[in-house]
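Close look at the chain arrangement
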Amino acid sequence: MNWKLAENIMDFMRKQVYRPLTSEELALYMDIRGDELKKFWQVLNELESKAYIIKTRYDKYGLPEYMNLIVGRLSTSIKGYGFVLSEKAGEADVFIPQESLNGALHGDRVVARIHYKNSYDKSFEGKIIRIVERANKSIVGTFDKSKKFGFVIPDDKRIKKDIFVAKKDFNGATSGDKVVVE
């Protein structure tokens, strides 16, 4: 990624705009033209794919901190709830109830919408809206099979979901086997 251009885009969004803009508006306001546009589109897409900037459902780009969003690593407990640990220094962690994890697993890099602030103890609560990057490419667990499908029950108790395995992917595993699943 062209980090200089990426920093220029994010700095412009931090200092010059207070609302999300379309990519065309950003290019226009930043006076990016001609041959520079190809690099601009590429960097904009990379920033969005890594959640440094967020693309709204209206195809506008904004910074997470201005959109009531937090980007960070999810840390879950064995009881099923979790916290998004912010990547920004000084930003508070956000509590995520189990029903708001939306498929995210322990260690995943996620984007969460902050939707509740407890005024009593000044804590934040949120909901995972996007999984940016999976932390675990493979998971160790115990295989349990039926006639048409199977499940892997993860050894890590912070991963509260069993992993579905199609019959064609059993690879000779039988119930009770310790396996690694991708």
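Rules of the game
Residues numbered from 1 in each chain as written. Predicted model: local features only at pLDDT ≥ 70, side-chain atom pairs only at ≥ 80, totals over all residues. Heavy atoms only, no water. Pairing = 2+ DSSP bridges. Helix = DSSP H or I, 4+ residues; strand = E, 2+ residues; numbered from the N terminus. Expected span 1.5 Å × (residues − 1). Buried < 20%, exposed > 50% of the residue type's maximum accessible area, 1.4 Å probe, protein only. Arc of directions from axis to C-beta. Contact = heavy atoms within 4.5 Å. Phe/Tyr/Trp six-rings, centres within 6.5 Å; stacked < 30°, edge-to-face > 60°. Lys NZ or Arg CZ within 6 Å of the ring centre and 35° of its normal. Patch = residues over 30% accessible without salt bridge, like charges linked within 9 Å, V, L, I, M, F, W, Y side chains within 5 Å. Areas by Shrake-Rupley, 256 points an atom, 1.4 Å probe, with all protein chains shown as cover. Salt bridge = Lys/Arg side-chain N within 4 Å of Asp/Glu carboxyl O. Lys, Arg positive; Asp, Glu negative; His and termini not counted. Charge placed at Lys NZ, Arg CZ, Asp CG, Glu CD. Axes fitted to C-alpha atoms, helices over the stretch in contact; angles between N-to-C directions. Parallel < 35°, antiparallel > 145°, perpendicular 65-115°, else oblique. Nonpolar A, V, L, I, M, F, W, Y, C, P; charged D, E, K, R; others polar.

This next bit is on the pairing of strand β8 (residues 139–145). Successive side chains on a regular strand alternate, one facing one side of the sheet and the next facing the other. For β8 and strand β11 (residues 178–181), the ladder comprises four bridges, and the chain directions are antiparallel. Counterpart to Ile 139 in the pairing with β11 is Val 181. For β8 and strand β9 (residues 149–154), the ladder comprises five bridges, and the chain directions are antiparallel. Bridge assignment links Thr 142 to a residue of β9, and that residue is Ile 153.

Time to look at helix α3 (residues 36–49). In this model α3 runs 20 Å from its N-terminal to its C-terminal C-alpha over 14 residues, within 8% of the 20 Å that 1.5 Å per residue would give. All buried positions along α3 are accounted for by Phe 40, Val 43, Leu 44 and Leu 47. The buried residues of α3 occupy one face: seen down the axis, they fall within an arc of 105°. Packed against the buried residues of α3 are α1 (3–15), α2 (23–29) and β2 (61–62).

What follows is about the packing of aromatic side chains. Considering all chains together, one arrives at nine aromatic pairs under this definition. Geometrically, the ring pair formed by Tyr 81 and Phe 83 is edge-to-face, given 6.2 Å between the ring centres and 85° between the ring planes. Summarising the aromatic geometry, the rings of Phe 149 and Phe 151 are spaced 5.5 Å apart at their centres and angled 85° between planes, so their arrangement reads as edge-to-face. Residue Phe 149 is classed as partly exposed on the basis of its relative accessible area of 35%. The class of Phe 151 is partly exposed, set by a relative accessible area of 30%. Through a chain of ring-to-ring contacts, three or more aromatic side chains come together here, namely Tyr 81, Phe 83 and Phe 95. Here Arg 109 stacks its cationic end above the ring of Tyr 52, 5.5 Å away from the centre of that ring.

Next up on the list: a nonpolar patch on the surface. Where nonpolar side chains cluster on the molecular surface, the patch consists of Met 1, Trp 3 and Tyr 52 and spans about 280 Å² of accessible area. Relative to the helices and strands, Tyr 52 is located in the loop between α3 and β1 (54–55). According to the relative accessible area criterion, Tyr 52 is partly exposed, its value standing at 32%.

Here we take up the environment of Ser 146. Inspection of the secondary structure assignment puts Ser 146 in the loop between β8 and β9. For the pair formed by Ser 146 and Lys 167, sequence separation is 21 residues and the distance between their alpha carbons is 8.7 Å.

Further remarks concern a positive patch on the surface. On the surface, Lys 145, Lys 147, Lys 148 and Lys 167 cluster together into a patch of positive charge. Within the secondary structure, Lys 148 sits in the loop between β8 and β9. Judged by its relative accessible area of 70%, Lys 148 falls in the exposed class.

With that out of the way, let us pick up the pattern of salt bridges. Summed over all chains, the structure comprises 12 salt bridges. One network of salt bridges, in which partners are shared, links Asp 11, Arg 14, Glu 65 and Lys 88.

Put simply, α1 and α3 touch, their axes get as near as 10 Å, and they point 75° apart. Judged by the inter-axis angle, α1 sits roughly perpendicular to α3. Residues Leu 5, Ala 6, Ile 9 and Met 10 of α1 touch α3, and the partners they reach there are Lys 39, Phe 40, Val 43, Leu 44 and Leu 47. Residue classes in the contact of α1 with α3 are distributed as eight nonpolar, no polar and one charged.

Nothing here speaks to function; it is geometry throughout.
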